[in-house]
Structures are given as structure tokens and as C-alpha cells.
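Chain by chain, the residues run as shown.
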Amino acid sequence: KDEVLIPLLTTSLPSAKEFRDAIKSLSPEQSQFAKSLRAMQLDSSVFGLCVIQVKPQMEALLDLPPNSLTKEIQLTQDLLSLFVEHQIPPSLVSYDGDMDATPNEKVTAVKQHVKGVL
């Protein structure tokens, strides 16, 4: 049985003016989300948000160095599509070459594997 500890942040709410100033540069979707969240906070509702970092786990799964997928947005999206929608095994797209290769060479090899599967 897994156990997860979630720290609770207990910060005071900004004033109405501070809140308006903070959200004026957000996109309409982000602004609506922030307003909904503030409304729940003002109503004393409980709201939980869980952020799961997927890229570090994918890099480990694919035998890639840490942060090698950071700027590879399309590759990351393609990998998620293959894993989630098509449920392919990671061994089909994992790096399987020389472990002394540069991070760029490893990412290029994974890109080629993904291209071959797609």
C-alpha cells in the first residue's frame, strides 16, 4: 500500500486589488481558473492540486540523461501519445546504444525509434 504525504500551504489570500493586479496579464483561461480558485478559497472550500512530473520518469524509462527532454516538446508529446493511447512497450523506443554517447546522440536515437513506430 502506497502512502503519500501532501503538505498543506496555509498562505493568506491577497486583497481584491492585489488579486486583480496579479491576474491582469494572464490568458482568459488562466484568469478564469484563478478566479474560480479564489472563489473557492473565499467560500472556504477545499481545493487540491497534484502535479506529477512526467518528464523525469520518461527520461529514466528511456535511458536518457536528466533534462534531455526539456526542449523536446514534440518528442515528449509523441512519446506520451505512444505510451498512453497506443500502449506500446517502452523498449521499442528506449535508447539502446552506447552508454557513453552524448545526450544529443541519445535523444536523436530515441527520435528515430519514435519515427519508426509512428
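Please refer to the structure placed before this passage.
Report follows, based on the coordinates. (Residues numbered from 1 in each chain as written. Predicted model: local features only at pLDDT ≥ 70, side-chain atom pairs only at ≥ 80, totals over all residues. Heavy atoms only, no water.)

A word on helix α2 (residues 28–42). Between its terminal C-alpha atoms α2 stretches 21 Å, which fits the 21 Å expected from 15 residues at 1.5 Å a residue. Looking at the buried residues of α2, the elements they touch are α1 (16–23). Among the residues trailing α2, S44 stands out with phi positive, at a value near 65°. (Helix = DSSP H or I, 4+ residues; strand = E, 2+ residues; numbered from the N terminus. Expected span 1.5 Å × (residues − 1). Contact = heavy atoms within 4.5 Å.)

With that out of the way, let us pick up the packing of α1 against α2. Between two packed helices, what matters for the description is the angle formed by their axes and the separation of those axes. As a packed pair, α1 and α2 sit with axes 10 Å apart at the nearest point and diverge in direction by 155°. Comparing the axis directions of α1 and α2 gives the class roughly antiparallel. Handedness of the α1/α2 crossing: right-handed. Contacts from A16, F19 and I23 in α1 reach S31, A34, K35 and R38 in α2. (Axes fitted to C-alpha atoms, helices over the stretch in contact; angles between N-to-C directions. Parallel < 35°, antiparallel > 145°, perpendicular 65-115°, else oblique. Left-handed = near helix turned anticlockwise from the far one by under 90°.)

Applying the stated rule across the entire model yields zero aromatic pairs. Positioned above the aromatic ring of F19, the side-chain terminus of R38 is 4.8 Å from the ring centre. (Phe/Tyr/Trp six-rings, centres within 6.5 Å; stacked < 30°, edge-to-face > 60°. Lys NZ or Arg CZ within 6 Å of the ring centre and 35° of its normal.)

Another aspect to go through is unusual backbone geometry. The phi torsion at N67 lies on the positive side, around 65°, for a residue other than glycine. Secondary-structure assignment places N67 in the loop between α3 (55–61) and α4 (73–85). Overall, N67 belongs to the exposed group, its relative accessible area being 60%. Phi at Q87 takes a positive value of approximately 50°, unusual for a residue other than glycine. Accessibility expressed as a relative area gives 63% for Q87, which makes it exposed. (Buried < 20%, exposed > 50% of the residue type's maximum accessible area, 1.4 Å probe, protein only.)

At a closest axis distance of 11 Å, the pairing of α4 and helix α5 (residues 103–117) adopts a crossing angle of 45°. For the element pair α4 / α5, the angle class is oblique. Crossing of α4 against α5: the hand is left-handed. Contacts between α4 and α5 involve L75, D78, L79 and L82 on the former and, on the latter, V107, V110, K111, V114 and V117. Classifying every residue of the contact of α4 with α5 gives seven nonpolar, no polar and two charged. (Nonpolar A, V, L, I, M, F, W, Y, C, P; charged D, E, K, R; others polar.)

In this section: the nonpolar core. Ranked by internal contacts, the top residues of the largest apolar core, which has 15 residues, are L79 and V93. Put simply, the parts of the chain that give this core at least two residues each are α4 and α5. If one sorts the elements of this core by residue count, α4 sits on top with four residues. Leaving out residues up to four positions away in the same chain, L79 has contacts with M58, L62, L69, V93 and V114. (Core = buried A, V, L, I, M, F, W, Y, C linked by side-chain atoms within 4.5 Å.)

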